Structures are given as structure tokens and as C-alpha cells.
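Descriptive analysis of the structure
The primary structure of each chain is shown beneath.
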Amino acid sequence: MRPTFKLALPAQQFLTEYWQKKPLVMRQVASGLDHPDADTLSGLSLESDVDSRLITGHGDGPWNLQHGPFDENDFRVLPRENWTLLVQSVDCFLTEVSMLLDHFSFLPAWRLEDIMISYASRGGSVGPHFDRYDVFLMQAKGQRRWKIGDHCDPHTPLQENDQLKLINNMKVRDEYVLGPGDVLYLPPGVAHWGIAEDSDCITWSVGFRAPSPVDILGRLADQAAESGGDTLFTDPDRTVPSDAASLQPADIEALTRQAFRALTPDIQRRALAELLSEPSCPSGLDFDVDHDHIAAASPDALLVRHGATRLILDDQGDAWLNGNHWPLTEAAKPLIRLLAGQRLYTEAELQPVTHDDGQDLLDEWIEAGYFAYLDFSTDE
Ligand SMILES: [Mn+2]
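Residues numbered from 1 in each chain as written. Predicted model: local features only at pLDDT ≥ 70, side-chain atom pairs only at ≥ 80, totals over all residues.

**Structural notes on the overall build of the protein chain**
- For the protein chain, the helix and strand inventory stands at 12 helices and 19 strands.
- Each of the three principal axes of the protein chain carries a C-alpha extent, and together these read 75 × 60 × 45 Å.
- The long-range fraction of contacts in the protein chain, counting pairs at least 24 apart against all pairs at least 6 apart in sequence, stands at 79%. (Helix = DSSP H or I, 4+ residues; strand = E, 2+ residues; numbered from the N terminus. Contact = placed C-beta atoms within 7 Å.)

Structure follows, in C-alpha cells:
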């Protein structure tokens with residue numbers, strides 16, 4: 001089955017009333033989350049390219065955090081209950097998981113970050129905490145109890161275990177049990193504590209990209225320096241200073257204003273498109289696309305975007321793929337627009353928009369592993 005998700009309310013109403021503001025529980029809005037299973041997830045956590053964590057603990061603790069990659073023995077010695085395995089960016093490594101992201105077009109593609117998947121035994125939890133990002137927590141298997149608390153900030157008291165940044169005495173304001181297909185949306189900063197009610201509890205967590213203003217400034221400055229502007233500060237309207245020894249606020253303002261003027265629209269576009277098209281896991285392309293799995297879920301699909309390929313378009317219609325700029329001819333744009341708008345493509349969708357320029361570029365991207373034709377050679 002192909003992973004799907006549909007908001008329980010109109011997209012604009014969700015954005016206006018809930019996005020970045022307050023939690024929302026949606027019942028029976030996701031399906032096709034049956035793959036990966038627990039064995040596949042623990043298998044991923046053995047891989048050195050995969051960022052994974054194993055957390056044990058419950059109630060008041062003690063809590064313990066281990067980072068992957070793990071080996072089989074780490075799993076063999078686990079207790080029966082009260083542990084959770086978290087695997088980051090599963091969408092990069094299992095292309096079929098990335099298909100879920102096609103159902104988030106109520107947000108710009110650049111705003112998506114990755115899909116983390118957690119696999120917990122009964123009682124398993126990462127403890128009471130808050131995240132700095134929006135998250136959609138989608139129950140794939142088993143039941144998970146979510147305790148929801150207040151909005152937190154950097155002053156919220158934490159427990160002494162600084163590795164996990166757990167909240168001290170989290171006040172529970174709401175409590176929900178989510179079963180398969182149920183989704184909890186949480187804005188940044190809301191305290192939450194999810195506890196597995198079953199021995200085989202799997203939760204997908206769709207996270208979002210929120211670059212810090214400081215990072216954005218750094219990238220804008222890098223791009224401006226690369227573009228080699230060589231204008232100098234000017235001050236033709238200078239008046240005699242009251243205090244020649246000091247740097248005055250009016251001069252700070254003028255210097256800063258002239259610095260920002262160096263950030264032309266072209267520099268802004270390049271810096272931001274590059275930053276926002278960078279993949280969440282650069283090594284993900286090393287993982288093969290599971291052709292059989294995707295073809296079984298989507299029999300009419302001909303082409304698929306690799307889960308580790310991030311593709312966005314800029315306002316000139318140019319493509320930015322995994323941090324690299326691809327200027328496009330007009331003839332190539334319809335195909336690349338289709339490629340950027342979804343992750344799985346049928347012949348009927350591709351054929352009308354494919355012309356020589358676009359096909360050449362697509363061939364190059366297939367060669368590099370960014371896209372793959374689905375291989376039906378294993379069909380009976
Ligand atoms: Mn969380």
C-alpha cells in the first residue's frame with residue numbers, strides 16, 4: 001500500500017487555526033503506513049549512514065540514550081518493555097516512505113524536512129519533552145498514548161538528565177490514545193509525552209525545515225561574497241558629528257542598510273534555494289530504490305524520485321536539486337515542474353510534458369541516481 005494522508009479539515013482552515021499555534025488530533029486520516037515493519041527499522045539502525053537512537057526508561061526514569069549504528073547484540077539484550085528505537089530520515093533511505101510527503105502539498109515543499117519513524121515496545125517512550133519544529137505524529141501500528149502539556153520556552157525547567165532534555169514535572173492538559181491511521185499535529189514548543197500501549201508500536205513523525213535567521217544570514221553573506229559585489233560605503237549627506245570618537249546609531253543604521261542593499265533579488269534567490277534544497281541526509285542516495293515495493297503499491301507508475309532527492313523550483317522556474325542549481329530551457333520546464341510537484345509519475349503524466357531538453361536532463365538525473373525508472377523485470 002502507498003502511504004496516504006489527508007487533513008481532516010480544509011487546508012487553509014488548518015493553516016489559519018492550528019499551524020504553528022495549537023495541537024490537533026485527526027482520526028483515521030492516514031493509511032498505507034504498514035511498511036517498514038519493526039525488523040526493517042531495526043535493520044536500518046545497523047547501517048552506519050543512518051542516524052538512529054535507542055532510548056530506555058519510563059515514568060520518573062532513569063532514562064538512557066544510546067546512539068546508533070547498533071549491532072544485533074544491542075537488540076538482543078533489550079528488556080521486554082520500556083524502550084524505543086528512533087530512526088531519522090527514513091524517507092531518504094526507503095523511497096516508498098517518501099511517497100507520504102506528496103500529501104503535504106498544503107505547505108511548500110521546501111518546508112518539509114524528513115520522516116522519522118519510532119518503534120517502541122510496551123511502555124516505550126522518549127519521555128516528556130518539546131521540539132523546536134512542527135510535527136505530524138502518525139500512528140502506523142499499535143496504540144500510543146499522548147499526553148499533551150503547555151507551550152514551553154527556553155526557560156521551561158528540565159530534568160537533570162541533559163542528554164534527553166526532558167521536562168521537569170510536565171503538566172498534562174490533554175490526553176489522547178492514537179491507533180493506526182490517527183494523526184496528532186503539534187506546533188513547535190508544545191510539551192508532549194507519547195507512551196506505547198502495545199508491544200509493537202510504530203509512529204511516523206513528519207518534521208519540518210525551519211532554518212534559523214542566523215543561518216539564513218550566513219548563506220546570504222556567502223552568496224553575496226561569491227557574487228563579488230565591489231561597491232563601497234557612501235555618505236554624501238554627512239553632517240558634522242557631535243562626538244567624532246563614537247560610532248553613532250545613524251551610522252550603524254546606514255552601514256547595515258547599505259549591506260542589505262547588496263543582497264540583490266538574485267543573490268537572495270540563489271542563497272535560499274541552495275540552502276532549502278539541501279538534502280536532510282546527503283548519503284541517502286546510496287540506498288537502492290525498492291522497485292518491487294513501489295510497483296506493487298502503484299502499478300501504473302513508470303518513474304520515481306529517489307527518497308533522498310530534494311527538488312524545488314525558484315521564482316524563475318529554475319530547478320534546485322540537492323543544493324545544486326540547474327538552469328532550465330523553456331522547453332524543459334513543463335517536465336521539471338511535474339518532477340518537482342510529486343514523487344511518483346505515470347507514463348500518462350510524463351508523456352505530454354516530455355521534450356528533448358527535459359528528457360536529456362532527466363536522463364542525467366537518472367544516471368546520477370536522483371530518479372529511477374521502475375524496473376518490472378521481476379514481474380512474472
Ligand atoms: Mn517529540
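**With respect to the domain arrangement of the protein chain**
- Its domain assignment divides the protein chain into domain 1 (4–208), domain 2 (213–264) and domain 3 (288–373).
- Look at where the C-alpha atoms of domain 2 and domain 3 centre, and you get two points 41 Å apart. (Domains from an automatic or database assignment.)

**Regarding the nonpolar core**
- Counting 79 residues, the largest nonpolar core has Val87, Val90, Ile115, Ile117, Met138 and Val183 as its most contacted members.
- With sequence-adjacent residues up to four places away left out, valine 90 is seen in contact with Pro36, Leu44, Val97, Ile115, Met116 and Ile117. (Core = buried A, V, L, I, M, F, W, Y, C linked by C-beta atoms within 7 Å. Buried ≥ 20, exposed ≤ 12 C-beta atoms within 10 Å, placed from the backbone.)

**Details of the packing of helix α6 (residues 213–227) against helix α8 (residues 265–276)**
- Relative to each other, α6 and α8 sit at 125°, their axes nearing to 9 Å. Taken together, the axes of α6 and α8 lie oblique to each other. In terms of crossing hand, the pair formed by α6 and α8 is right-handed. Between α6 and α8, the contacting residues are Arg219, Leu220, Asp222, Gln223, Ala224 and Ser227 on the first element and Ile267, Gln268, Arg270, Ala271 and Leu275 on the second.
- Split by residue class, the contact of α6 with α8 holds 5 nonpolar, 3 polar and 3 charged. (Axes fitted to C-alpha atoms, helices over the stretch in contact; angles between N-to-C directions. Parallel < 35°, antiparallel > 145°, perpendicular 65-115°, else oblique. Left-handed = near helix turned anticlockwise from the far one by under 90°. Nonpolar A, V, L, I, M, F, W, Y, C, P; charged D, E, K, R; others polar.)

**Examining the environment of aspartate 150**
- In this fold, aspartate 150 is placed in strand β9 (residues 144–151).
- Judged by local crowding, aspartate 150 falls into the partly exposed class, with 15 C-beta atoms found within 10 Å.
- Along the chain, aspartate 150 and valine 214 lie 64 residues apart, while their C-alpha atoms are 27 Å from each other.
- Beyond its immediate chain neighbours, meaning those up to four positions away, aspartate 150 contacts Lys171, Arg173 and Ala191.

**Some remarks on helix α10 (residues 333–341)**
- Within α10, the full set of buried residues consists of Leu335, Ile336 and Leu339. Down the axis, α10 shows its buried residues gathered within 95° of arc, on one side only.
- Contacts from the buried residues of α10 go to β14 (301–305), β15 (311–313), β16 (319–321) and α12 (356–367). (Arc of directions from axis to C-beta.)

**Remarks on the sheet that holds strand β18 (residues 344–346)**
- Spatial strand order, β18-β14-β19: 3 strands in an open sheet with antiparallel pairing. Of all the strands in the sheet, the pair left with one neighbour each is β18 and β19 (371–373). Averaged over all neighbouring strand pairs, the angle between strand axes comes to 20°, with direction disregarded.
- Two elements, β14 and β18, share 3 bridges in a ladder whose sense is antiparallel. Residue pairing in the sheet places leucine 303 in a bridge with tyrosine 345 of β18. (Pairing = 2+ DSSP bridges.)

**Concerning the pairing of strand β6 (residues 83–87)**
- Most of β6 sits inside the fold, with 5 of its 5 residues counted as buried.
- Here β6 shows a buried face lined by Trp83, Leu85 and Val87 and a second buried face lined by Thr84 and Leu86.
- As paired elements, strand β4 (residues 52–56) and β6 share 5 bridges and run antiparallel to each other. Residue serine 52 lies in a different strand from β6, and its bridge partner there is valine 87.
- Where β6 meets strand β7 (residues 112–120), 4 bridges bridge the pair, whose relative direction is antiparallel. Bridge assignment links valine 87 to a residue of β7, and that residue is isoleucine 117.

**Regarding unusual backbone geometry**
- For the peptide bond that leads from glycine 61 to proline 62, omega is 5°, which places it in the cis range.
- Looking at where proline 62 falls in the secondary structure, it is placed in the loop between β4 and β5 (64–67).
- The step from glycine 68 to proline 69 runs through a cis peptide bond, and the omega angle for that step is 5°.
- Relative to the helices and strands, proline 69 is located in the loop between β5 and α3 (72–76).
- Backbone geometry places glutamine 20, a non-glycine residue, at a positive phi of 65°.
- In this fold, glutamine 20 is placed in the loop between α1 (11–17) and β2 (24–26).
- Of note, asparagine 82 is a non-glycine position whose phi angle comes to about 70°, a positive value.
- Within the secondary structure layout, asparagine 82 lies in the loop between α3 and β6.
- Residue classification places asparagine 82 among the buried residues on the basis of 20 C-beta atoms within 10 Å.

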